[in-house]
Structures are given as C-alpha cells and as structure tokens.
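Listed below are the residues making up each chain.
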Amino acid sequence: MTKFDVQKVFEQFTDYLMPALTPYEATLYIFLLRNSFVKNGSCDIRIGKRTIGGNLGSSRSQSTAFSHVTELLKGLKEKGCIRIGDTNREGTLYSISLPEDIPLVKEKLVVTAEQKEEDFFNDPEKRKEIFDRDKWLCHYCGDKVTDKNATLDHLIPQCKGGGHNKNNLKTCCLVCNAIKSGKTYEEAAPFLLKSIRERKQQ
Ligand SMILES: [Zn+2]
C-alpha cells in the first residue's frame, strides 16, 4: 500500500482528481479518505450507504439520499477511485485508492513529469544542446547562426500544442523563425521557400 503523505495527497487531489469529479463525488471521496487512510491508515472502510448519506449532510429525503449515494459510489468506482467489495450487516466494504494510484491521475502525473524534464526551450544550457545538435545551422535555410542570433523554432507550434521537447525544437535563424512562427511546416513552407529564394538572389 502506498504511504499516506497528506501534502502530496492534497496537491494531487486538487490539481488532478477534483477537476474530473462532480462536486458531490469529490465530497464523498474526501469523506471516504477521511474515514479510511486518515483515520487508521487502511485503504478499506466498511460502511452503510445510509451512514454515508447522513454524514454527507444531505437534506434530501432518506430514500433520495440512498439512491443519490448509490449513484455517487458508482461514479467513483467508474473513475477508478474506489473498489466495491462485499456487503454484510455492517455495510459494504470499499477500498479507497489514493490519487496517485487512480488511472486518470497517473496519466496526468506522467505527462507533467515528461513536460518537466523535457523543457529544452527555457533552460539556456539545454537550448545550447539543440544548437550543437543542429551544428548551429538554420533548419530551414541552412544559414549559419551564432549565439547572438540563434533562435529555436517549435516544429509543431506552441499554439497547436507543440511542446518544448528535443524533437519539437529546431535551430532557426531570425528571418526564418519570423516566417515560421505560429505555423506548421506545411503552412509556412511556401513563404519560407519564397524568402529563402529571395535571400539567395541578393
Ligand atoms: Zn533560416
């Protein structure tokens, strides 16, 4: 079982899990967490739906509260937040997953980690790695660039979801970058080729 780290759980809950839950689902998830991990360090809790309904402060009638709780539990199960076990006279057994063990949170954690380690755009040392890789030549016109005028072009533009990773960054001269900026290569190609032709003629 994963160690319960309050700060980490809280951050991952608010940043990644809460946006994927309805407000009532979020409230129920916190309630279950509060009565499992926080209370006794166990991921399991056995509890009746009426007790849950009562504790969530539902002002609805008893029967509506019951079906509402059933619906919320189903939602949490479908989103991978809980597993539902057997039912006996003391209630139903629920196994609560911590945010980092929930698939939809895991996915977002992986993406965030990749973005963090793959930022070759903002870190000056890493920018230089790209220039060295490209031998200080503009990816589009082939002109030599220096540390005074070298820029990095996003092959897939940032506005179209392109990231700061190695594969998406190309060494670029100022002129080509001004033309390519915000466009895909396909969109920019006619303008780039025209400009390169004109520059060669000068
Ligand atoms: Zn160029």
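For clarity, every value in this text was computed on a predicted model and none was experimentally measured.

Further remarks concern the sheet that holds strand β2 (residues 82-88). The sheet built from 3 strands is open, its strands ordered β1-β3-β2 with antiparallel pairing. Each of the sheet's edge strands pairs with one partner strand only, and the pair in question is β1 (44-47) and β2. Strand-to-strand twist across the sheet, computed as the mean angle between neighbouring axes with direction ignored, equals 20°. Together, β1, β2 and β3 (91-96) form the strand contacts of helix α2 (residues 23-34), whose direction differs from that of β3 by roughly 95°.

So, on to the coordination of the zinc ion. Coordination of the zinc ion by the protein involves C138 (SG), C141 (SG), C173 (SG) and C176 (SG), with metal-donor separations of 2.3 Å. Coordination at the zinc ion is tetrahedral: its 4 donor atoms span angles of 102 to 117° at the metal. Here the donor residues for the zinc ion map to a single chain with the spacing C-x2-C-x31-C-x2-C. Placement of C141 in the loop between α7 (124-133) and β4 (151-154) and of C176 in helix α8 (residues 174-180) is noted, with a sequence separation of 35 residues between them. Its relative accessible area of 12% is what places C141 among the buried residues.

Of note in this structure, K135 is not a glycine but carries a positive phi near 60°. Tracing the chain through its elements places K135 in the loop between α7 and β4. By relative accessible area, which is 59% here, K135 ends up exposed. A positive phi angle, close to 60°, is found at W136, a residue other than glycine. Assessed through its relative accessible area of 18%, W136 is described here as buried.

Looking at the assigned domains, one finds that the protein chain contains domain 1 (6-104) and domain 2 (118-201). Computed from C-alpha coordinates alone, the two centres of domain 1 and domain 2 are separated by 49 Å.

The next thing to look at is the environment of N35. Along the chain, N35 falls in the loop between α2 and α3 (37-40). We classify N35 as buried; its relative accessible area is 19%. Each C-alpha atom of the pair N35 and P99 lies 16 Å from the other, and the pair is 64 residues apart in sequence. Excluding residues within four positions of it along the chain, N35 makes contact with N40 and I45.

Among the structural elements, T112 can be located in helix α6 (residues 103-117). Remark: the alpha-carbon pair of T112 and L192, spanning 80 residues in sequence, is separated by 34 Å. A polar side-chain atom of T112 sits 3.4 Å from a polar atom in the side chain of Y16.

What follows is about the side chain of T92. In this fold, T92 is placed in strand β3. Judged by relative accessible area, which is 10%, T92 ranks as buried. Among the polar contacts listed, one links the side chain of T92 to the side chain of T87, at a separation of 2.9 Å. Dropping the residues within four chain positions of it, T92 is found in contact with I45, R46, I47, I84, G85, D86 and T87.

Procedures and definitions
- Residues numbered from 1 in each chain as written.
- Predicted model: local features only at pLDDT ≥ 70, side-chain atom pairs only at ≥ 80, totals over all residues.
- Heavy atoms only, no water.
- Pairing = 2+ DSSP bridges.
- Helix = DSSP H or I, 4+ residues; strand = E, 2+ residues; numbered from the N terminus.
- Axes fitted to C-alpha atoms, helices over the stretch in contact; angles between N-to-C directions.
- Contact = heavy atoms within 4.5 Å.
- Donors = N, O, S within 2.8 Å, 3.2 Å for Na, K, Ca; no water.
- Tetrahedral: all angles 85-135°; square planar, octahedral: opposite > 155°, others 65-115°.
- Buried < 20%, exposed > 50% of the residue type's maximum accessible area, 1.4 Å probe, protein only.
- Domains from an automatic or database assignment.
- Polar contact = N/O pair within 3.5 Å; in protein donor to acceptor, adjacent residues only side chain to side chain.

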